[in-house]
Amino acid sequence: MAAPGFHDPRFERIFPPNASVRTDGVLEIGGCALPELAAEYGTPLYVIDELGLRERMRAYRDGLAARRPNSQVAFASKSFPVLAAYAIAAAEGLAIDVAGAGELLLALESGAPPELIHLHGNAKSEEELALAVDAGIGTIVLDGEADVERLDALLTRPQDVLIRIIPGVDPRVPRAISTGGERSKFGLPIPQAKALIERLEGHPFITVVGLHLHIGSQVLEVEPFERAVEAVRELGEFPVYNIGGGLGVDYHVRHAAPTLDAYLDAITAAATCVLPAHSRLIIEPGRSLVARSGVTAYRVNNVKRTGATFVAVDGGLADQLNVALMDMEFTPLVADRASTRPDTVAQLVGRQCESGDLLVDRAELAAPATGDTIVLAATGAYGYTLSNNYNGALKPAVVFCREGESRLAVRRQTYAEFLGHHVGPSQQSWAS
Ligand SMILES: *Cc1c(COP(=O)(O)O)cnc(C)c1O
């Protein structure tokens, strides 16, 4: 009997590439059945299609290299700061962006070559910069004089840096109504950047190799890119341009983010038009690199029909904070009945004590019942990142699945670890 497939064939492009539905209707990711993973590792659980993730990294890497030989893809690791993901990104030949000591330690621990690590941040501490310099990381993205002062005290050998620029144009709005992006807390306006670059000329150790420009999301046209580069032209020509600003992701069948090919075509065409001929183009995707490879699995703890039908699961904004922060519209599926057409419209809610803890408004679900495993698709980016202990929730585990085998990548936090952060009556009396 042929496998039945999703109840809605359009789910194919929302779920991970290696998601499939077993003949009994059970959802599998990387050949691992979701209800079995939920039983083995507990829920909430972040489940990653490992080969899907690797394939996406390669598609980015090869797609950019084919269009622009002197280029580099950096994994914006804040989107999924899991040691295994750093190791996989490094194994797939990606550079790695970090924005703090914790992410830097993960990158170093993963075995990523230090020269392929970029450190960002608008408020870097001395400790972070010392760690970066000691490790010999490739690039530090400077965000002002404070970085220079600290590096002056630390450096005893050359260090490549990029200068983060506020290009003075906001690509999302027409020039006439652009605020100029000057209120960004990241980067320097062009006149200040110019002064800093001049001051660093001839510096014994700090070598300005290029500029970092973040030009917003959904870069699809050449035009905003051209305007941004045009704006920084007075700073001179550089060997390296890091153009941040990523590609969107489809979370719902109604969404239609541009394809990777369309995005790479646009950004490399623009680079060819406006960047110096032999300069290096760096892009740094996060969300669009990892989101689709991950789903989040929950156990249904309560189904009730009151003012509405509520399906309540054992997670919520403690593990999927984006639903509250960014009004995300995720696609849910009952993993036990993935090929069954939904018969229920429910409020899929979490267990945290906030009315904003709504995972999916008007979720369409197939006969949801207590004990079912429900997954949210395309939650590989920023879910784990933003996980927290709201209401004493434990930070969930992360498991990588591949060809029927599952490997634990992050252990679920334990109550002992959770309690262990606190200084309690056994160590310190709080009675008076
Ligand atoms: C967050 C961030 C990214 C990644 O953005 P996505 O939207 O996740 O692709 C890239 N570069 C910088 C500097 C960032 O801060």
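Residues numbered from 1 in each chain as written. Predicted model: local features only at pLDDT ≥ 70, side-chain atom pairs only at ≥ 80, totals over all residues. Heavy atoms only, no water.

### Focus on the side chain of His120
Mapped onto the secondary structure, His120 falls in the loop between strand E7 (117-119) and helix H5 (126-135). We classify His120 as buried; its relative accessible area is 10%. A distance of 3.2 Å separates polar atoms of two side chains, one belonging to His120 and the other to Asp97. When residues no more than four places from it in sequence are discounted, the contact partners of His120 are Asp97, Val98, Ala99, Gly100, Val141, His212, Asn242 and Glu284. (Helix = DSSP H or I, 4+ residues; strand = E, 2+ residues; numbered from the N terminus. Buried < 20%, exposed > 50% of the residue type's maximum accessible area, 1.4 Å probe, protein only. Polar contact = N/O pair within 3.5 Å; in protein donor to acceptor, adjacent residues only side chain to side chain. Contact = heavy atoms within 4.5 Å.)

### Quick word on the pattern of salt bridges
Throughout the structure, instances matching the rule amount to 21 salt bridges. The partner of Arg61 in a salt bridge is Glu92, and the shortest N-O contact between them spans 3.9 Å. With Arg61 in helix H2 (residues 50-67) and Glu92 in the loop between helix H3 (83-91) and strand E6 (95-98), the pair connects residues that are 31 residues apart, well separated along the chain. On the accessibility criterion, Arg61 (27% relative accessible area) is partly exposed. Bridged by salt links that share partners, the residues Glu50, Arg54, Arg58, Arg61, Asp62, Glu92, Arg402 and Arg407 form one connected network. (Salt bridge = Lys/Arg side-chain N within 4 Å of Asp/Glu carboxyl O.)

### Brief notes about the sheet that holds strand E2 (residues 27-29)
If you walk across this open sheet you meet the three strands as E1-E2-E3, and the pairing is antiparallel. Each of the sheet's edge strands pairs with one partner strand only, and the pair in question is strand E1 (19-21) and strand E3 (32-33). For E1 and E2, the ladder comprises three bridges, and the chain directions are antiparallel. By the bridge assignment, Ser20 is partnered in E2 with Glu28. (Pairing = 2+ DSSP bridges.)

### Focus: the nonpolar core
Ranked by size, the top nonpolar core spans 93 residues in total, and within it Phe80, Ile163 and Leu348 carry the most contacts. Looking at this core, the element that brings in the most residues is helix H9 (residues 260-274), giving seven residues. When we break this core down by domain, the ones giving at least three residues each are domain 1 (9-50 + 293-419) and domain 2 (68-289). Look past the residues within four positions of Phe80 in its chain and what remains in contact with it is Ile48, Phe75, Ala85, Tyr86, Val290, Gly380, Tyr384, Thr385, Val398 and Phe400. Counting residues in each nonpolar core, the second largest holds 25 residues, with Leu45, Val253, Val295 and Leu333 among its members. (Core = buried A, V, L, I, M, F, W, Y, C linked by side-chain atoms within 4.5 Å. Domains from an automatic or database assignment.)

### Overview of the domain arrangement of the protein chain
Here the domain parsing of the protein chain yields domain 1 (9-50 + 293-419) and domain 2 (68-289). A straight line from the C-alpha centre of domain 1 to that of domain 2 covers 33 Å. Of the residues lining the interface, 22 residues belong to domain 1; the matching set on domain 2 comes to 16 residues. Contact between domain 1 and domain 2 buries roughly 1800 Å² in total, counting both sides, with carbon and sulfur atoms accounting for 62%. Considering only the side of domain 1, the residues that lose the most area to domain 2 are Arg13, Glu329 and Tyr382, jointly responsible for 32% of the buried surface there. Our count for the domain 1 to domain 2 interface comes out at two salt bridges. With a shortest N-O distance of 2.3 Å, Arg254 and Glu329 are connected by a salt bridge. Where domain 1 meets domain 2, there are nine residue pairs in polar contact (both at pLDDT 80 or more). Broken down by secondary-structure element, the contributors of at least two residues to the side of domain 1 that touches domain 2 are strand E20 (397-402) and strand E21 (405-410). Residues belonging to the side of domain 1 that touches domain 2 are distributed by class as follows: 14 nonpolar, four polar and four charged. (Buried area = accessible area lost by both parts, 1.4 Å probe. Nonpolar A, V, L, I, M, F, W, Y, C, P; charged D, E, K, R; others polar.)

### Examining the site of the ligand
The local shell around the ligand consists of Ala76, Lys78, His120, Arg164, His212, Glu284, Pro285, Gly286, Arg287 and Tyr382. In the environment of the ligand, an oxygen atom lies 2.7 Å from a nitrogen or oxygen atom belonging to the side chain of Lys78. Here Gly286 contributes a backbone N or O atom positioned 2.9 Å from an oxygen atom of the ligand. Here the ligand has 390 Å² of accessible area as a free molecule, and 83% of this is covered by the chains. Taken together, the residues of the shell around the ligand sort by class into three nonpolar, three polar and four charged. (Near = heavy atom within 4 Å. Areas by Shrake-Rupley, 256 points an atom, 1.4 Å probe, with all protein chains shown as cover.)

### Details of unusual backbone geometry
In this model, Thr43 is joined to Pro44 through a cis peptide bond whose omega is -5°. When you line up the elements, Pro44 lands in the loop between helix H1 (34-41) and strand E4 (45-49). In this structure, Tyr382 takes a positive phi of about 70° despite not being glycine. Positionally, Tyr382 belongs in the loop between strand E19 (373-376) and E20. Non-glycine residue Glu403 carries a positive phi angle of around 45°. As for its position among the elements, Glu403 is in the loop between E20 and E21. We classify Glu403 as exposed; its relative accessible area is 66%.

### A word on the packing of H2 against H9
Two elements in contact, H2 and H9, have axes separated by 10 Å at closest approach and are oriented at 35°. In this structure, the crossing between H2 and H9 has a hand that is right-handed. Residue-level inspection shows Arg56, Ala59, Tyr60, Gly63, Leu64 and Arg67 of H2 in contact with H9, the latter providing Leu260, Asp261, Tyr263, Leu264, Asp265 and Thr268. Of the residues contributing to the contact of H2 with H9, the split by class is six nonpolar, two polar and four charged. (Axes fitted to C-alpha atoms, helices over the stretch in contact; angles between N-to-C directions. Left-handed = near helix turned anticlockwise from the far one by under 90°.)

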